[in-house]
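# Analysis of the macromolecular model
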Amino acid sequence: EVTVRNGRTGEKERKLILSPISGVYASGSMVALIGPSGCGKTTLLDIIAGKKTGPHRGEVFLNGRPRNRQFSRITSYVPQQDVMPSYCTVSEVVEFNHRLRVDLSHLGPEETAERRRVCDEVLSNFGLFGVKDQIIGDAYIRGISGGQKRRTTLARGFVGGAQIVFADEPTSGLSATDAELCVRAMRSASEGKGVTFVVVIHQPRVEVGAMFDHLVLMTSNPGRAVYNGPFADAAQYFADAGHPPPKASNPTDFYLDIITPDVPGNKADFFAERYLEGQAKTVSRAVEACLAAGGEDPMQTLQVAAMRAGATNFSVVRHTGVHSVSLGAQIATLFKRRVTLTLRDKRQLKTRFGTASVQGLIIGLAFFNIGDKLPVQQLSFLFMLLQIGALSNLSVMPEMIAQRLVFKFESSDGLYSTVASFIVDTAVNNTLGVCGNFLTTCIMYALSGLKWSNFGQLYFWSLICFVVMVNFFKIIAAVAPSHAESLQVAMPGLMMFILFNNFFVNRATAPVFMRWALYISPMAWTIEQIITSLYPANDALKTLYGYDDSDAQSVRALIVLLVEAVAFQLIAIVCLAKLNNIQR
C-alpha cells in the first residue's frame, strides 16, 4: 500500500498497489513480469530484489533461506536508466564492476590478464566486443547507441558473477531488433552460466517471448496475478478458460488486451479469481516444497559466483559483509576511474582552470597596484580574495550532484561503501579546487602590487578557509535534491559566512545578539589573521575592527577552522549516506 494525495480534496488516501503474490524461480531460468501500467510489476521486482524503499510486507528466500545482507553480492539490479559515467569506455564500465565484485588478488601478477579475459568474454556474449573501446557518451557527447548502452548495463550487472539479475524494462525505448538482441544476450548468459534473470518487460514480440521460461502475468487496480507458470503453457491456460489467443496474433498482446481493466470487454477480474481458485494453490505448494528442501547457504553461493566470475578456488571469498572487496581495493578502483575520467574530460578541465584564470585577472585588474594605497583601502582586496575562493565552488556543485547520482546507483548495488566514495571524491575534488584557487590567488596577488614576502602567510590562511568552504559545499551537494535547487539551499549559510566576515560586520559593530555568527564564520577568523599578520604595527585597524593579534588568538583561529573542516566533512558523509536515496 502507498499513500497518495487526492488532487481535488488534498486529502491523503491509502491505495493498494500490489496484492499478495508468491512464486518460485528456478536457477538458470528466464522470468518475465508482464502487465499493464500500474499493475505493480516494478514494485514486485523491487521487493524481491531488495530495492524497495517504501513500506511493504512479505518474505524473500534464497535457496530456502531468508534473504540476508549478502543478498546484494549474489544478485544484481539493472534499473531502467543507463546511469554510467559518460567518458568511460564500455570495457572500463564492465571491468569496474568486475573489480568491485570479484577479488582476484590471489592470482598475483596474472590478475590483470585474467580479469581482462573474463570481461572480454562477457562483452562478446553481449555483442559488445566490437565497441569495447568506445566511450558511453550522453546527450552532449557522442558515444555508443541506446541499444548498446542497455546491453552494457546488463553486461556490468552480469560480469560480477551475480546468480540472479533483476532487470527493470531493459528493452524500453529500444527498436524491436535491439530489444531482441538484449533478451538474446540474457538468454545466452542464462544457459551458459546458470544465471536467473527476472525481467520486467513490456509486450515482447513473439521471438522475444519465446526466450523466456516463466511468465508472471499481472492485472491492475490493484495489482493481482492472473497467471504464474511456464511461458509456453500460457496460451493453453487462456484457451482452457474459454479465451484462446488468435493464431495469427502475438499471444502477449492478447493477454494484455484481455486482462487490462480499462479495455472494453476485458476479463481482468475473471482471470484474477480463476488464478486464486486454481493456480495460486499450485504455486503455494511449490513454495512450501522449496522451503522444506532448503539449499546451499549464502557463502556457498558466493563461492560459486566467484568461480564463475574468474576466481580459481573457493578460498578467495574472504569478505563476508556487504561488499566483495576490501576498503583499500574499493578506494584504489574508484580513484583509478576518477582520475581517468578527470583527465579524459579536457573540456571540463579547460573550463575550470580557464574560469580560475579569468576570475583572477578581472579582480586583479580591479585592484591593480592596490599595494600602493593605504592599508585601510587594501582590506576590500583581501576580502575579495577570500570570497572568490568560496564562490568558485558554486559552479562545481552541479558536477558534484551528478557524481552523487552515479554513487547512489552503484552503492545501492553493493559495489562500494560511502566512505570509499567520499575519500576519493575528497582527494580529487579538493586537489582540483585547490589548484584552481591557487591559480586565481596568484594572478590576483601579482596584479595587486602587494609584497611577495607576505604571500606565504596570506595563502596559508586563505587555503584553510577555502578547504572549510569546500567541505561546506559538500554538505549542500549531499542535501540539495537537485543541482537546480543547490544554490537556494547554499545561500543562507553562504550569506551568513560572507556577511559576518569580520570586515562588513565585525566585533566592533556586530549587535550583541548576533556576535555568535562571527565565531562560526570561517571568513571572520581568516580575515582577522590575514590583516593582523600583514599589518602588525597598524593599531588603528585593530581598534577599528576589534581585531586581536595575540598568538593565542592565532591558535584559536587555527583550531576553529580545522574543527569546522572536519565537522563539515563528517556531516557531508552522513548526509550523503542518508539523504536523497533512490526511491523505489
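Everything below is about the structure shown above.
What you see is a predicted model; the values in this text were computed from it and never measured.

### Topic: the pattern of salt bridges
Per the counting criterion, the structure on display carries 23 salt bridges. Its salt-bridge partner being Arg117, residue Glu114 comes within 2.7 Å of it at the nearest N-O pair. One end of the pair, Glu114, and the other, Arg117, are both in helix α4 (residues 111-125), three residues apart, so they sit about a helical turn from each other. A relative accessible area of 18% means that Glu114 is categorised as buried. Arg205 is the partner of Glu180 in a salt bridge, and the nearest nitrogen-oxygen pair spans 2.2 Å.

### Quick word on a nonpolar patch on the surface
Residues Leu327, Val419 and Ile423 make up a contiguous nonpolar surface patch of about 230 Å² in total accessible area. With respect to the helices and strands, Leu327 occurs in helix α13 (residues 327-344). A relative accessible area of 40% places Leu327 in the partly exposed class.

### Digging into the nonpolar core
Of all hydrophobic cores here, the largest spans 63 residues; its most connected members are Leu379, Phe381, Leu382, Met469 and Ile531. No other element matches the 13 residues that helix α18 (residues 455-479) contributes to this core. In this structure, Met84, Val159, Ala234 and Ile259 belong to the second largest nonpolar core, which totals 60 residues.

### What about the environment of Ala232?
Here Ala232 is to be found in the loop between β10 (224-230) and α8 (234-240). With relative accessibility at 70%, the residue Ala232 sits in the exposed group. Separated by 20 residues in sequence, Ala232 and Phe212 have C-alpha atoms that sit 8.5 Å apart.

### Digging into the packing of aromatic side chains
Per the counting criterion, the structure on display carries 29 aromatic pairs. The side chain of Arg67 reaches across the aromatic face of Phe71, ending 5.3 Å from its centre.

### Some remarks on unusual backbone geometry
Cis peptide bonds are those with omega within 30 degrees of zero, and the linkage from Asn221 to Pro222 qualifies with -10 degrees. On the secondary structure map, Pro222 appears in the loop between β9 (214-219) and β10. You will see that Asn502, though not glycine, has its phi angle at about 70 degrees, which is positive. Counting through the fold element by element, Asn502 comes out in the loop between α19 (483-499) and α20 (516-520). For Asn502, a relative accessible area of 0% gives the class buried.

### Notes on the sheet that holds strand β8 (residues 196-200)
With respect to topology, six strands assemble into an open sheet ordered β6-β7-β8-β3-β9-β10, the strand pairing being mixed. The sheet is open, and its two edges are formed by β6 (75-78) and β10, each paired on a single side. Direction aside, the axes of adjacent strands within the sheet are offset by 15 degrees on average. Bridge analysis of strand β3 (residues 30-34) against β8 gives four bridges, and the strand direction is parallel. Following the sheet pairing, Leu33 is matched in β8 by Val200. Strand contacts of helix α9 (residues 251-259): β3, β9 and β10, with the helix running at about 30 degrees to β9, the strand carrying the most contacts. Taken strand by strand, helix α10 (residues 268-277) contacts β9 and β10, and its axis lies near 60 degrees from that of β10.

### As for the side chain of Asp120
Residue position: Asp120 is located in helix α4. If sequence neighbours within four positions are ignored, Asp120 has contacts with Phe129 and Lys132.

### As for the environment of Asp213
With respect to the secondary-structure elements, Asp213 resides in the loop between α7 (206-209) and β9. Residue classification places Asp213 among the partly exposed residues on the basis of a relative accessible area of 30%. Not counting residues within four places of it along the chain, the set of residues in contact with Asp213 comprises Gly28, Ser29, Met30, Arg187, Gly229, Pro230 and Phe231. Within polar-contact distance, the side chain of Asp213 engages the backbone nitrogen of Met30 at 2.8 Å.

### A few points about the side chain of Arg352
Tracing the chain through its elements places Arg352 in helix α14 (residues 346-366). At a separation of 3.4 Å, a polar atom in the side chain of Arg352 contacts the side chain of Glu399. In this structure Arg352 touches Val396, Glu399, Leu432 and Gly433, once residues within four positions along its chain are discounted.

### Section: helix α15 (residues 375-391)
Helix length check: α15, at 17 residues, gives a terminal C-alpha distance of 25 Å against a target of 24 Å (1.5 Å per residue), a fit within 8%. Buried within α15 are the following residues: Gln378, Leu379, Phe381, Leu382, Phe383, Leu385, Leu386, Gln387, Ile388, Gly389 and Ala390.

So, how was this worked out
- Here the residue numbering is sequential within each chain, running from 1 through the sequence in written order.
- Given that the model is predicted, a residue must reach a pLDDT of at least 70 before its local features are reported, and side-chain atom pairs must reach 80 or more before they are shown or counted; all residues, however, enter totals for whole chains, interfaces and linings.
- Excluded from the side-chain calculations are hydrogens and water; all other atoms, namely the structure's heavy atoms, are used.
- Salt bridges are counted wherever a side-chain nitrogen of Lys or Arg sits within 4 Å of a carboxyl oxygen of Asp or Glu.
- Helix and strand assignments follow DSSP, with helices taken as H or I runs no shorter than four residues and strands as E runs no shorter than two, numbered in order from the N terminus.
- Think of it in three bands: residues with accessible area under 20% of the maximum for their type are buried, residues over 50% are exposed, and the middle band is partly exposed, with areas taken using a 1.4 Å probe on protein chains only.
- Residues forming no salt bridge and having over 30% relative accessible area are the ones grouped into patches, like charges within 9 Å of each other and nonpolar side chains (Val, Leu, Ile, Met, Phe, Trp, Tyr) within 5 Å.
- A 1.4 Å probe and the Shrake-Rupley method give the accessible areas. Residues count as covered only by the protein chains that appear here.
- Residues belong to a common nonpolar core when they are buried Ala, Val, Leu, Ile, Met, Phe, Trp, Tyr or Cys residues joined through side-chain atoms within 4.5 Å.
- Each pair of aromatic rings taken from Phe, Tyr and Trp, with Trp reduced to its six-membered ring, is defined by centres within 6.5 Å and is described as stacked if the planes are under 30 degrees apart, edge-to-face if over 60, and tilted in the remaining cases.
- Note on criteria: charge over ring means Lys NZ or Arg CZ within 6 Å of the ring centre, with the direction from the centre no more than 35 degrees off the ring normal.
- Pairs of strands are assigned from DSSP output, requiring at least two bridges between the strands.
- Every angle, taken between N-to-C directions, lies between 0 and 180 degrees, and every axis is a line fitted to C-alpha atoms, over only the stretch in contact when it is a helix.
- Two residues qualify as a contact provided that any one of their heavy atoms is within 4.5 Å of a heavy atom in the partner residue.
- Polar contact is defined as a pair of N or O atoms within 3.5 Å, subject to the rule that within protein one atom must be able to donate a hydrogen and the other to accept it, and that residues adjacent in sequence are counted only when both atoms are side-chain atoms.
- Any helix carries an expected span of 1.5 Å times its number of residues minus one.

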